[in-house]
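Listed below are the residues making up each chain.
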Amino acid sequence: DRAPNDEELLRLAQFPTEPGVGEALQALLTNEKSRATVAEKLLAQRTKLDAAQIAPLLTETARAMLRSADAPIRNQSLALIGGFQLTALEGDLVALLKSGHSGRGVRAPVLNTLRDLRSVESDLFATLAKSDPDPLTRDAALEALAASRAPDAATKLLALYPSLQPPQRRSALN
């Protein structure tokens with residue numbers, strides 16, 4: 001009836017396909033009391049884990065955390081999504097951006113996560129980079145556009161280039 005220590009959690013996460021291990025990890029990730037701590041520990045150990053094996057377990061947990069009204073939990077969800085490349089949640093992130101519920105402090109972290117996923121939503125990124133009232137959101141959208149895998153992302157970035165401030169131009173070229 002105790003939470004696993006760091007070493008035990010690492011061993012569980014390294015072998016999620018072993019009998020009973022996936023269920024144990026899922027139980028830890030769905031328990032509201034242990035979810036944040038477990039997610040934090042998994043993020044700290046992510047270089048020692050096979051992201052492809054653990055991603056299915058993390059996807060639903062990250063989705064539930066993303067829907068939280070609590071900003072630290074939502075931010076931890078974004079860290080999980082970006083850290084483990086949970087591309088299955090890209091649509092959820094885009095929907096969050098497009099909804100009216102993503103306020104000023106929410107858009108930039110979501111865009112940073114989409115940048116980490118190299119999202120193909122170049123139209124959305126270009127629109128936000130051009131016309132969002134929040135400068136942090138515009139900068140994050142510009143970085144997401146620069147990192148995008150979309151075939152037209154570079155064209156959209158170059159179209160925005162003349163209207164960018166010098167620091168944004170440097171960011172776009174990096």
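Located above this text is the structure these notes cover.
Just so it is clear, the structure is predicted and the values come from calculations on it, not from any experiment.

> Can you lay out the pattern of salt bridges for me, pointing to particular residues and giving the numbers?
Side chains that differ in charge, positive against negative, can pair when their charged atoms come close. Under the defined criterion, the tally for this structure stands at 10 salt bridges. Here Arg-63 makes a salt bridge to Asp-92, at a shortest N to O gap of 3.0 Å. With Arg-63 in helix H4 (residues 51-66) and Asp-92 in helix H6 (residues 90-98), the pair connects residues that are 29 residues apart, well separated along the chain. Taking relative accessible area as the criterion, Arg-63 reaches 16% and is therefore assigned buried. Note that Glu-143 is salt-bridged to Arg-115, the shortest N-O span being 2.7 Å. Note that Glu-143 is positioned in helix H9 (residues 135-147) and Arg-115 in helix H7 (residues 104-117), a separation of 28 residues in sequence. With relative accessibility at 28%, the residue Glu-143 sits in the partly exposed group. Among the residues examined, Arg-115 registers a relative accessible area of 25% and is labelled partly exposed. One network of salt bridges, with partners in common, ties together Glu-60, Arg-63 and Asp-92.

> So, helix H5 (residues 71-83): which residues are in play, and what are the values?
Counted at 1.5 Å a residue, the expected span for H5 with its 13 residues is 18 Å, and the 18 Å between its end C-alpha atoms agrees. Listing the buried residues of H5 in full gives Arg-74, Gln-76, Ser-77, Leu-78, Leu-80, Ile-81 and Gly-82. Residue Gln-85 follows H5 closely and has a positive phi angle near 50°.

> Any chance you could break down helix H1 (residues 6-14) for me, citing the residues and the numbers?
Taken as a whole, H1 has its buried residues at Leu-9, Leu-10 and Ala-13. Projection of H1 onto a plane perpendicular to its axis shows the buried side chains occupying an angular sector of 100°, all on one side. Of the surrounding secondary structure, the elements contacted by the buried residues of H1 are helix H2 (21-30), helix H3 (32-44) and H4. For H1, the capping residue at the N-terminal end is Asn-5, with a side-chain oxygen 3.1 Å from the backbone nitrogen of Glu-7.

> Could you give an account of the packing of aromatic side chains, with specific residues and numbers?
All told, the structure shown has zero aromatic pairs when counted by the stated rule. Between the NZ or CZ atom of Arg-169 and the centre of the ring of Tyr-161, over which it lies, the distance is 4.9 Å.

Rules of the game
Residues numbered from 1 in each chain as written. Predicted model: local features only at pLDDT ≥ 70, side-chain atom pairs only at ≥ 80, totals over all residues. Heavy atoms only, no water. Salt bridge = Lys/Arg side-chain N within 4 Å of Asp/Glu carboxyl O. Helix = DSSP H or I, 4+ residues; strand = E, 2+ residues; numbered from the N terminus. Buried < 20%, exposed > 50% of the residue type's maximum accessible area, 1.4 Å probe, protein only. Expected span 1.5 Å × (residues − 1). Arc of directions from axis to C-beta. Contact = heavy atoms within 4.5 Å. Polar contact = N/O pair within 3.5 Å; in protein donor to acceptor, adjacent residues only side chain to side chain. Phe/Tyr/Trp six-rings, centres within 6.5 Å; stacked < 30°, edge-to-face > 60°. Lys NZ or Arg CZ within 6 Å of the ring centre and 35° of its normal.

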